[in-house]
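Close look at the chain arrangement
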Amino acid sequence: QDSLEKSLIEHDLMVAGQPKIEVNELIKDQPYHYSASFEVYPSIELASMEGAQIDKEQVEITEQDIAKMLTKIQQQQATWEQTPSAAQDGHQVNIDFEGLLNDEPFEGGTAHDFDLVLGSGQFIAGFEDALVGVKENETKDVNLTFPESYPVQDLAGKDVVFKVKVNKVEAPILPELNDEFAIKAEFEGGLDAMKEEVRNNMKRAVDETLHNNFKTAVLDVLLAKNPLVIPNALVDIEIEHMQKMAMQQMAAQQGKKELPKIDLPRDPYVEEATKRVKLGLLLAEVIKANDIKLDAAAVRSRVEQMASAYKEKDQVISWYYNNKNMMAEIEASVLEDEAIKFLVENVSINDLPVTYDKVMNDNK
């Protein structure tokens, strides 16, 4: 350990991952030799961003956009009325289903008395579309193919059949959009106050999305101008992190703290993990080269901006500052934003008007 560390310092090498040591035989009174094989971090010389052109989306929220959002809120507060009619998008169906792979039931593919709103996107693509037009007491076989990127390896890319029985079909009854509805939804100022709050929330959401889209566009240019060969060890670490996050997300969707151990496939994560590692190295170099420091005031402003979506704003701010992991993520994001400012100094930015729906739907 001692000699390897000295050698790494002498040759100015940064090791990525664990070195592989090949040990030679020990011979008394003879010099000892061994070999160490390892990956190293790449040497980075940042290319200029000069000459790059990047579109920056611009959105103006219209009254029509607000009306659509109010309709969605009505739909969230809808009551359900059983109907003999055929199911349509927006209707709720209560179903029993069993998923079969090679004529055998697969884990997690069976449920009874399951309420599903058609068009909600809860199931894999094609399942909900296949139920449009079904009626009460109808049975139907739904033939689907799981996406190649599906995180459960045994199902990824596989053809399956869902045997579905429709117990009932329900149509939504929307509440009337008035002051009474707004006050019931805890808007003391009535419908006008509700509309104003909806507008503010929409602006907050679209501004964040536009910011992230622009940031992604800048980073894509940074990647294109700075091709890197990166250590596989770093990609492996990032893949493990992404798989862990996927497991946590699946557990949350199923209302569980954790799921049984599943060997998730690597392939769906390789491309994104590689991109993340490259960007992490490049941004670190941008921050180092420009001596960018973390601004406590900018961090505070970001926390306050995030907390503004909640009624108990001060409590939320306090919660963030007492959560080390959340604060670390916020600080990293603020530092990245400072790096972006340096990167766009010599970039041509084109304002691109787009609609609210396009921005938000493209980023679902």
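Going by the structure above, here's the rest.
This write-up is about the structure you can find in this document.

Applying the stated criterion across every chain yields a total of twelve aromatic pairs. Taking the centre distance of 5.9 Å and the plane angle of 80° together, the rings of Phe106 and Phe162 count as edge-to-face. Within this pair, whereas Phe106 is found in strand 6 (residues 104-117), its partner Phe162 is found in strand 8 (residues 159-173), the two being separated by 56 residues in sequence. In this pair, the class of Phe106 matches that of Phe162, namely buried. On the basis of an interplanar angle of 85° and a centroid distance of 5.2 Å, the ring pair of Phe127 and Phe162 is categorised as edge-to-face. Of this pair, Phe127 sits in helix 3 (residues 127-131) while Phe162 sits in strand 8, placing them 35 residues apart in sequence. The exposure class of Phe127 is buried, given its relative accessible area of 0%. For Phe162, a relative accessible area of 5% gives the class buried. A network of ring pairs unites the aromatic residues Phe97, Phe106, Phe114, Phe123, Phe127, Phe146, Tyr150 and Phe162 as a single cluster. A cation sits over an aromatic face here: Lys56 above Phe214, 5.0 Å from the ring centre.

Side chains three or four residues apart in an α-helix point the same way, a direct result of the helix having 3.6 residues per turn. Between its first and last C-alpha, helix 7 (residues 267-289) extends 34 Å over 23 residues, near the 33 Å set by a 1.5 Å rise per residue. Of all the residues in helix 7, the buried ones are Tyr269, Ala273, Val277, Leu279, Leu281, Leu282, Leu283, Val286 and Ile287. The inward-facing, buried residues of helix 7 abut helix 5 (190-225), helix 6 (232-253) and helix 10 (324-343). Just downstream of helix 7 lies Asp291, where phi reads positive at about 50°.

Moving on: the nonpolar core. When a protein is soluble and globular, its nonpolar side chains tend to lie buried together. Ranked by size, the top nonpolar core spans 39 residues in total, and within it Met49, Val218, Leu222, Leu281 and Leu343 carry the most contacts. Top contributing element to this core by residue count: helix 7, with nine residues. If sequence neighbours within four positions are ignored, Leu222 has contacts with Met49, Leu282, Leu283 and Leu343. By size, the runner-up hydrophobic cluster in this structure holds 23 residues, among which are Leu116, Leu118, Val160 and Val164.

Time to look at the environment of Thr62. Assignment of secondary structure puts Thr62 in the loop between strand 3 (53-58) and helix 2 (63-76). In this structure Thr62 comes out as partly exposed when scored by relative accessible area, which is 34%. Along the sequence, Thr62 and Arg199 sit 137 residues apart, while their C-alpha atoms lie 9.2 Å from each other.

Before going further, it helps to spend a moment on the pattern of salt bridges. Side chains that differ in sign of charge can pair as their charged atoms come close. Overall, the coordinates contain 17 salt bridges when judged by the stated rule. When the shortest N-O distance is used, the salt bridge between Lys168 and Glu170 registers 3.6 Å. One connected set of salt bridges, linked through shared partners, spans Lys215, Arg302, Glu336 and Asp337.

Let us now look at the side chain of Asn226. With respect to the element layout, Asn226 can be found in the loop between helix 5 and helix 6. At a separation of 2.9 Å, a polar atom in the side chain of Asn226 contacts the main-chain carbonyl oxygen of Leu222.

Turning next to the side chain of Asp65. Following the sequence through the fold, Asp65 ends up in helix 2. Buried within the structure, Asp65 lacks any salt-bridge partner; Lys68 is the closest side chain of opposite charge, at an N-O distance of 5.3 Å. Only 3.0 Å separates the side chain of Asp65 from the backbone nitrogen of Thr62, close enough to count as a polar contact.

Looking now at unusual backbone geometry. In this structure, Asp113 is a non-glycine residue whose phi angle is positive, near 50°. Counting through the fold element by element, Asp113 comes out in strand 6. The backbone phi angle of Glu186 is positive, close to 75°, even though this residue is not glycine. Its location among the elements puts Glu186 in the loop between helix 4 (179-184) and helix 5. The class of Glu186 is exposed, set by a relative accessible area of 56%.

Conventions we followed
Throughout, residues of each chain are indexed from 1 in the direction in which the sequence is written. Selection of residues for local features in this predicted model requires a pLDDT of at least 70, selection of side-chain atom pairs for listing and counting requires 80 or more, and totals for whole chains, interfaces and linings are taken over all residues. Heavy atoms throughout the structure, all of them, feed into the side-chain values; hydrogens and water do not. To pair, rings of Phe, Tyr and Trp, with the six-membered ring standing in for Trp, must have centres within 6.5 Å; the planes then decide the type, stacked if under 30 degrees apart, edge-to-face if over 60, and tilted in the middle. Each helix corresponds to a stretch of at least 4 residues labelled H or I by DSSP, and each strand to a stretch of at least 2 residues labelled E; elements are numbered beginning at the N terminus. Categorising residues by exposure relies on relative accessible area from a 1.4 Å probe, with only protein chains included: less than 20% of the type maximum marks a residue as buried, more than 50% marks it as exposed, and the intermediate range marks it as partly exposed. Ring-over charges, as used throughout, are those where CZ of Arg or NZ of Lys falls within 6 Å of the ring centre and within 35 degrees of the ring normal. An expected span of 1.5 Å times one less than the residue number is assigned to each helix. Contact definition: two residues touch when any of their heavy atoms are within 4.5 Å. Grouping buried Ala, Val, Leu, Ile, Met, Phe, Trp, Tyr and Cys residues that are joined through side-chain atoms within 4.5 Å yields what is termed a nonpolar core. Here, a salt bridge means any Lys or Arg side-chain nitrogen found within 4 Å of an Asp or Glu carboxyl oxygen. Each polar contact in these results corresponds to two N or O atoms within 3.5 Å; when the atoms are within protein, one needs to be able to donate a hydrogen and the other to accept it, and residues that are neighboring in sequence are counted only if both atoms are side-chain atoms. When charges are tallied, Lys and Arg are placed among the positive residues and Asp and Glu among the negative ones, while His and the ends of the chain are skipped.

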